[in-house]
Each structure stands twice: as C-alpha cells, then as structure tokens.
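Here is what each chain is made of, one letter per residue.
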Amino acid sequence: MSSDIPGVDTTVDNGVLRVTLNRPSRMNAVTTETLDAVADAFDKHAGDAQVRTAILTGTGRAFCTGADLGGEKTSGPPSAATIDAANRTAATIRAFPRPVIGAVNGPAAGVGVSLALACDLTIATASSYFLLAFTKVGLMPDGGATALVAASIGRARALKMALLAERLPAAEALAAGLIADVYPDDEFAASIEALARRLADGPSEAFHFTKDAVNDATLTELDNAFARERAGQLDLLAAPDYKEGVAAFLEKRPAVFGRG
C-alpha cells in the first residue's frame, strides 16, 4: 500500500507500519501536502490491531531536511497551513498507540528534527546529524521542537541548538540524550528491522501505556509549544529577515540580517 500523495510511501507488513518520506531529489524536504500525508498514515492505522509498531524514515541520503524552500511550484514558502500540518504530524506521531521508531537514515534538519523526536525511539546512522536550521533564515523552531528538544536535553543545550543553528552529529546527540541509539551506517537497516521485530513481538498494550505515561510526564508543554511556535513563526515569516534569509539560502551566500 502506498500513499496517494507523491513523496510519502506507506506499507504494512508483518505487524510493522512503515511510513517513508520519499523525495530524495529534495533530500526529503517536506511540503504541507507531504506532512499531511504522514499524519494521515498514522491516523489511518491508529486503530488497526494488526499494526504493533511503526517506523518513520526517509529514502536516500537524508531523513528530512525541513520545509522545502527550493521554490518548486508545488511548495513555496511555509505558511500557516504548513505550520499546522507540522504540528498535526508531530502530535499524531506522539499520540499513536504503538511504539514509533524514528529511523534517522541521514540528516534531520528543521522540522525534520521535530518529526524525528516526536517518535518514541529515535535511532540514527553514525553519519547522521541534527540541525535546527531555522534561525539561518530568520525563523524559529516549529513542529513542537522547542518542547521536544528541551524535554530531551534540557534548556541550555536546547537553546544552543536553536539559537546557533549548529549541526549536532549523531554520536553527540546520543551522548546528550537527544536520541536513543546510533548504529553504524552499514548495520543500520538490519538493526532497525531487528528493533521493529522486537517491538512487534512484544506486549503492545504495555508498550502503549508506557509510551503514554512517559510522554505525558515529559511533554507537558507540547501543545503550548505548538501554539507559541505558530504565533511566533507567522510573525517571523512576514519580517524582512526571513526574506533575506531565504534569498541568501537560494543564492548560496551568507545572510545579512537587520537591514530591512
């Protein structure tokens, strides 16, 4: 089974729901439509007794490199609809009643970090990295990232990631507590399948209650974060710094902020 939305593939096999971002030519950058398709896939199977675990991953060299700023006719700049779709997707993954593995097969940037951390067990290849790149284009983290990152690694490191927009290599992300594990690239696929099989063969309802209990205890600010990020992001999207940030990104030059 595949999604009707280009760029998202969905399959169910032997108790495992696999949702795959499949836009390798865009490094799995997402649009409103692809985000909604991911959320739809998790919603559709939330009550499916045959699904005992899920995997969210990407095709090719990247997991997800954030919102598509490449100027494609089908994308364009992020909008309220894109922010709402990102929030809905993160919330849907968090609410899914089975354990969700975030199989980070390459770079996770921008809202890609939010998608990865909304999962219950975030596992990365050794060559992967995490990057909250928003401030590079004059924006702020969204998709719940301000809550998801801080809940994992604390205020100081979350602010460093969010403000400085520096890459956090997978090994450092593991050491900081941002993710659950790192596997060598050549062992990644087999290790993810083994983990999915372990979860699918385990006590589903015990996993369900455990997931909800831990997330409810640690993500108490997630819904409020969605609202704060949405309000702030919409203001920033209308500001001169965003226009300069995107122009600099497309022109592959350093941005010059504060002159609008």
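Placed above this text is the structure.
About the thresholds
Residues numbered from 1 in each chain as written. Predicted model: local features only at pLDDT ≥ 70, side-chain atom pairs only at ≥ 80, totals over all residues. Heavy atoms only, no water. Phe/Tyr/Trp six-rings, centres within 6.5 Å; stacked < 30°, edge-to-face > 60°. Helix = DSSP H or I, 4+ residues; strand = E, 2+ residues; numbered from the N terminus. Core = buried A, V, L, I, M, F, W, Y, C linked by side-chain atoms within 4.5 Å. Buried < 20%, exposed > 50% of the residue type's maximum accessible area, 1.4 Å probe, protein only. Contact = heavy atoms within 4.5 Å. Patch = residues over 30% accessible without salt bridge, like charges linked within 9 Å, V, L, I, M, F, W, Y side chains within 5 Å. Areas by Shrake-Rupley, 256 points an atom, 1.4 Å probe, with all protein chains shown as cover. Salt bridge = Lys/Arg side-chain N within 4 Å of Asp/Glu carboxyl O. Pairing = 2+ DSSP bridges.

Undergrad: So what exactly am I meant to see when it comes to the packing of aromatic side chains here?
TA: Considering all chains together, one arrives at one aromatic pair under this definition. With a centroid separation of 5.3 Å and 80° between ring planes, the pair formed by phenylalanine 42 and phenylalanine 96 is classed as edge-to-face. Placement of phenylalanine 42 in helix H1 (residues 32-45) and of phenylalanine 96 in the loop between helix H2 (80-95) and strand E4 (100-104) is noted, with a sequence separation of 54 residues between them.

Undergrad: What am I meant to see in the nonpolar core here?
TA: Nonpolar side chains in soluble globular proteins tend to be buried together. Core analysis: the largest hydrophobic core is formed by 60 residues, its most contacted members being Phe42, Leu56, Phe130, Val149 and Leu178. Considering every element that reaches this core, the biggest residue donor is helix H4 (residues 145-164), with eight residues. Beyond its immediate chain neighbours, meaning those up to four positions away, leucine 178 contacts Leu117, Phe130, Val149, Ser152, Ile153, Met161, Leu168 and Ala173. The next biggest cluster of nonpolar side chains, apart from the first, holds 12 residues, and it includes Val16, Ile55, Phe188 and Ala200.

Undergrad: Sorry if this is basic, but what is going on with a nonpolar patch on the surface here?
TA: There is a patch of nonpolar side chains on the surface, built from Leu159, Leu163 and Leu164 and spanning about 280 Å² of accessible area. Here leucine 164 shows up in helix H4.

Undergrad: Help me understand the environment of arginine 259, please; the structure alone is not making it clear to me.
TA: Structurally, arginine 259 can be placed in the segment after helix H9 (240-251). Distance in space between the C-alpha atoms of arginine 259 and glutamate 244 is 9.1 Å, their sequence separation being 15 residues.

Undergrad: Explanation requested: the pattern of salt bridges in the structure shown.
TA: Where charged atoms from two side chains of opposite charge come close, those side chains can pair. Enumeration according to the criterion identifies 15 salt bridges in this entry. Across the pair arginine 18 and glutamate 193 runs a salt bridge, and its minimum N-O distance is 2.2 Å. Remark: glutamate 193 occurs in helix H6 (residues 188-200) and arginine 18 occurs in strand E2 (residues 16-21); sequence separation between them is 175 residues. The exposure class assigned to glutamate 193 is partly exposed, which follows from its relative accessible area of 38%.

Undergrad: Quick question: what am I supposed to make of the sheet that holds strand E7 (residues 129-131) here?
TA: Hydrogen bonding along the main chain pairs the strands of a sheet, whether they run parallel or antiparallel. Pairing is mixed in the open sheet, where three strands are placed in the order E5-E7-E8. The open sheet has two edge strands with one neighbour each: strand E5 (108-109) and strand E8 (168-169). Both E7 and E8 contribute to a ladder of two bridges, which runs antiparallel. Bridge assignment links phenylalanine 130 to a residue of E8, and that residue is leucine 168.

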